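Each chain is listed here by its residues.
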Amino acid sequence: MLYREAGQFKTSYAADQQLFPIRQDRIGLVLLLAVAFFGIPLFASEYWFSAILIPFLIFALAALGLNILTGYAGQLSLGTAAFMAVGAYAAYNFQLRVEGMPILVSFICAGLTAAGVGILFGLPSLRIKGFYLAVATLAAQFFIVWCLTKFPWLSNNSSSGVISAHNINILGYAFDTPRDKYLLVLAIVALMALAAKNMVRSSTGRAWMAVRDMDVAASVIGIRLMHTKLLAFAVSSFYCGVAGALYAYCYLGSVEPDGFSLDMSFRILFMVIVGGVGSILGSFLGAGFILLLPIFLDITLPFVADLFGLPFSSATVSHIQIMVFGALIMFFLIVEPHGLARLWQIAKEKLRLWPFPH
Amino acid sequence: MEFFFEVLIGGLLSGVMYALVALGFVLIYKASGVFNFAQGAMVYLAALSVVGIMEWGAPLWLAVILAFAVMTAFGIGTEKFVLRKLVNQPPIALFMATIGLTFFIEGLAPMIFGSDPRALDIGIVDEPIPYILENWNMVISKFDLVAAGVASVLVATLALFFQYTRIGRALRAVADDHQAALSIGIPLQHIWAIVWGVAGFVALVAGMMWGARNGVQFALTFTALKALPVLILGGFTSVPGAIVGGLIIGASEKLAEIYIPPVMQDLFGGNFGGIEGWFPYVLALLFLLVRPEGLFGEKHIDRV
């Protein structure tokens, strides 16, 4: 009844190829953005901004980056957090060393730096794939974090490489409350998600998918493998780099290299798997799920413990969290390999016929 | 020069320990084509269950037997509840499932046996051998030598097992071609259960060795990660490759740790220790650029 494209005729190619061909989708998206930009800032508390919404958006952006690489171009990476670290430290250094550089420009430069590093570590992908590549990206993870710790220049000689973000000031307006930062992050993430959505349906995105599905066949039909794979690494690292810069500037305020650990890389990979490999929407769903799950378990586990009279220490709760993470990954891979995004697809299909499915 | 040899031998001996972990990866990969990322976590689980059971009052031999039972049960359970459901999925999905399994174990094991670091005493002391110390003035740990001995025995046993027993032949057949093995009547699922059991056993040996050397603690899983560059060097499908790769990685990372930081300090100033943490990975990465299939791996030809 509500969600049906009957009567929506496309009379031009432009209309047929638009990003959201169904009117209800467009209305839904506009509503969602309106709520995110205007509704939430009116009602959400400071805790919500700084503990849930901002990290959600930042991790969604990082997951989006990884999804471009793993989901669309088929190159598994275990070094996402390291590319985020590159972004964070690059943004810091651009702010520190280039006099009067606008913060947004230094975010972009941070993304570009991360893209450069991404290309460097993407080079092996030309010769190797699959597990071998996954292990090769581990090299990026350990090497980059080590470099950031050991080269004092990168963190302006601070002890153990801790950097503190500068104040954010755009065109004379200081973004210092959590609400301002949320709006800034939201705007950046929305723009970059839109760009990604467009990119994956362009010839670039189709080339990525061809390489993912079978790279030999892709090269036979004339797709340049080197160009395509390295572009995927560059774009993915760009997204991760910007996410890292935002992570330092808008979320934590001060970061250290060890914060961008292998564990964080895995967490972002889990977001991609749970959300949906090869789906823009999935990156957001996965990020939300993986971020909210620990909070949910923190709240519910003590109740469960009381119910059965079990003594749960906080260590036990964190162990159960890790276990649930692991079990969920296996569960999703077995039951729904396409993740939450696929469930949303199925729901939409059902909704089209509702309430008269026959 | 003596110092160089001392570092080299120390590195080779610790390389044997890496090889022990890598062996578990190779076994499962050979027999089922699954790249089992959870092998490192299995090493942790094995070591922790030995320590945990001993804390409950069992003697060492009983604890080892019980831990072996735990590992076997765990391996069979994994095969039955996770991998069997993922048949016909792309290998990368299986790989990600084993990452999930890693987290599952890393949560489960400390929950049952406790997470605080503990020492594991298996009756061998970690001290220099007096004879070598006196005659050549080199510090070679007794413990490392025993570990190397255990590893060699294990490898020899596995090689014989693969080569001459009925089950070993079946394992090799399964590794070559699942379909063909099934069609001549080899029970695939039994074979997989056995492989996971054997991998559990290897994890147990590796876990006890590492645990006795560095203490049983969560960092064990990171040590086990070092087995990955070993695999890349040696090739995923080769048991001798795992050994040779382990030796190369062990020796080169110790030498790099000793000899590179002073050079870098001269160039840039500052402290550049901790090269061990990434050196094996970067070495493996560079190696991959030259020989993508590893030292002993099979050359893979893609067809459309």
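Residues numbered from 1 in each chain as written. Chains lettered and ligands numbered in written order. Predicted model: local features only at pLDDT ≥ 70, side-chain atom pairs only at ≥ 80, totals over all residues. Heavy atoms only, no water.

**So, the interface of chain B and chain A**
Okay, so step 1: Between chain B and chain A, the contact holds 51 residues from the first and 43 residues from the second.
Okay, so step 2: Both faces combined, the contact of chain B with chain A buries some 4,300 Å², and carbon together with sulfur accounts for 84% of it.
Okay, so step 3: Together, Met-96, Phe-103 and Trp-278 of chain B form the three largest contributors to the area buried by chain B at its contact with chain A, with a combined 16%.
Okay, so step 4: Viewed at the interface, chain A and chain B are joined by 0 salt bridges.
Okay, so step 5: One can count 0 residue pairs in polar contact (both at pLDDT 80 or more) joining chain B with chain A.
Okay, so step 6: Sorting the residues of the side of chain B that touches chain A by element identifies helix 3 (60–83), helix 4 (91–113), helix 11 (227–234), helix 12 (239–268) and helix 13 (279–290) of chain B as the ones contributing at least two each.
Okay, so step 7: The element contributing the most residues to the side of chain B that touches chain A is helix 4 of chain B, with 16 residues. (Contact = heavy atoms within 4.5 Å. Buried area = accessible area lost by both parts, 1.4 Å probe. Salt bridge = Lys/Arg side-chain N within 4 Å of Asp/Glu carboxyl O. Polar contact = N/O pair within 3.5 Å; in protein donor to acceptor, adjacent residues only side chain to side chain. Helix = DSSP H or I, 4+ residues; strand = E, 2+ residues; numbered from the N terminus.)

**Description of the side chain of Thr-80 of chain A**
All names here are of chain A.
Okay, so step 1: With respect to the element layout, Thr-80 can be found in helix 4 (residues 80–97).
Okay, so step 2: The class of Thr-80 is buried, set by a relative accessible area of 1%.
Okay, so step 3: The residues touching Thr-80, leaving out its near neighbours within four places in the chain, are Ala-62, Leu-66, Cys-240, Ser-265 and Ile-268. (Buried < 20%, exposed > 50% of the residue type's maximum accessible area, 1.4 Å probe, protein only.)

**Quick word on the side chain of Ser-237 of chain A**
All names here are of chain A.
Okay, so step 1: Here Ser-237 is to be found in helix 10 (residues 225–252).
Okay, so step 2: With relative accessibility at 1%, the residue Ser-237 sits in the buried group.
Okay, so step 3: Of the polar contacts made by the side chain of Ser-237, one reaches the backbone oxygen of Phe-233; its length is 2.6 Å.
Okay, so step 4: Beyond its immediate stretch of four places on either side in the chain, Ser-237 contacts Phe-83, Gly-111, Ala-114, Ala-115 and Gly-118.

**Regarding the pattern of salt bridges**
Okay, so step 1: All chains considered together, the criterion is met by 7 salt bridges over all chains.
Okay, so step 2: A salt bridge links Asp-25 of chain A to Lys-348 of chain A, with the shortest nitrogen-to-oxygen separation between them at 3.6 Å. Taken together, the residues span a long stretch of sequence, with Asp-25 of chain A in helix 2 (residues 23–43) and Lys-348 of chain A in helix 14 (residues 339–353) at a distance of 323 residues. Across the pair, exposure class does not vary: Asp-25 of chain A and Lys-348 of chain A are buried alike.
Okay, so step 3: Taking the shortest distance from any N to any O, the salt bridge between Glu-349 of chain A and Arg-352 of chain A comes out at 3.8 Å. Of this pair, Glu-349 of chain A and Arg-352 of chain A both sit in helix 14, 3 residues apart, roughly one helical turn.
Okay, so step 4: Owing to a relative accessible area of 43%, Glu-349 of chain A belongs among the partly exposed residues under this scheme.
Okay, so step 5: Beyond isolated ion pairs, a larger network of salt bridges with shared partners links Lys-226, Glu-253 and Lys-254 of chain B.

**As for helix 2 (residues 39–55) of chain B**
Residues and elements named next belong to chain B.
Okay, so step 1: The terminal C-alpha atoms of helix 2, which comprises 17 residues, lie 24 Å apart, in line with the 24 Å expected from a rise of 1.5 Å per residue.
Okay, so step 2: Burial analysis of helix 2 places 15 of its 17 residues in the buried class, the great majority of the element.
Okay, so step 3: One or two steps after helix 2, the chain reaches Gly-57, where phi turns positive at roughly 110°. (Expected span 1.5 Å × (residues − 1).)

**Describing the confidence of the model for chain A**
Okay, so step 1: Mean pLDDT over chain A stands at 88; residues scoring 70 or higher make up 99%.
Okay, so step 2: For chain A, strand 2 (residues 168–170) of chain A is the element with the lowest average pLDDT, namely 81, and helix 10 of chain A is the one with the highest, namely 94. (pLDDT = per-residue confidence, 0-100.)

**Digging into the environment of Gly-57 of chain B**
Residue and element names in this part refer to chain B.
Okay, so step 1: One can find Gly-57 in the loop between helix 2 and helix 3.
Okay, so step 2: Gly-57 gets classed as exposed once you look at its relative accessible area, which sits at 61%.
Okay, so step 3: Placed 225 residues apart in sequence, Gly-57 and Val-282 show a C-alpha to C-alpha distance of 44 Å.

**Notes on the packing of aromatic side chains**
Centre-to-centre distance and the angle between the planes together describe a pair of aromatic rings.
Okay, so step 1: Scanning all chains against the criterion turns up 29 aromatic pairs over all chains.
Okay, so step 2: Ring centres of Phe-266 of chain A and Phe-37 of chain B lie 5.5 Å apart, and the angle between their planes is 80°; this geometry places the pair in the edge-to-face category. Residue Phe-266 of chain A is found in helix 11 (residues 262–275), and its partner Phe-37 of chain B is found in the loop between helix 1 (2–32) and helix 2; the two belong to separate chains. Grouping residues by exposure puts Phe-266 of chain A and Phe-37 of chain B together as buried.
Okay, so step 3: Three or more aromatic residues link up through ring pairs in this structure, and these residues are Phe-266, Phe-270 and Phe-325 of chain A together with Phe-25, Phe-35, Phe-37, Phe-95 and Phe-103 of chain B.
Okay, so step 4: A cation over an aromatic ring shows up here: Arg-97 of chain A above the ring of Trp-153 of chain A, its NZ or CZ 3.9 Å from the ring centre. (Phe/Tyr/Trp six-rings, centres within 6.5 Å; stacked < 30°, edge-to-face > 60°. Lys NZ or Arg CZ within 6 Å of the ring centre and 35° of its normal.)

**Re the packing of helix 1 of chain B against helix 6 (residues 142–164) of chain B**
All names here are of chain B.
Okay, so step 1: Helix 6 packs onto helix 1 with a crossing angle of 25° between their chain directions and a minimal axis gap of 8 Å. Classed by the angle they form, the pair helix 1 and helix 6 counts as roughly parallel. Crossing handedness for the pair helix 1 and helix 6: left-handed. Contacts between helix 1 and helix 6 involve Leu-13, Val-16, Met-17, Leu-20, Leu-23, Leu-27 and Lys-30 from the former and Phe-143, Asp-144, Leu-145, Ala-147, Ala-148, Ala-151, Leu-154, Val-155, Leu-158 and Phe-162 from the latter.
Okay, so step 2: Residues that form the contact of helix 1 with helix 6 fall into these classes: 15 nonpolar, no polar and 2 charged. (Axes fitted to C-alpha atoms, helices over the stretch in contact; angles between N-to-C directions. Parallel < 35°, antiparallel > 145°, perpendicular 65-115°, else oblique. Left-handed = near helix turned anticlockwise from the far one by under 90°. Nonpolar A, V, L, I, M, F, W, Y, C, P; charged D, E, K, R; others polar.)

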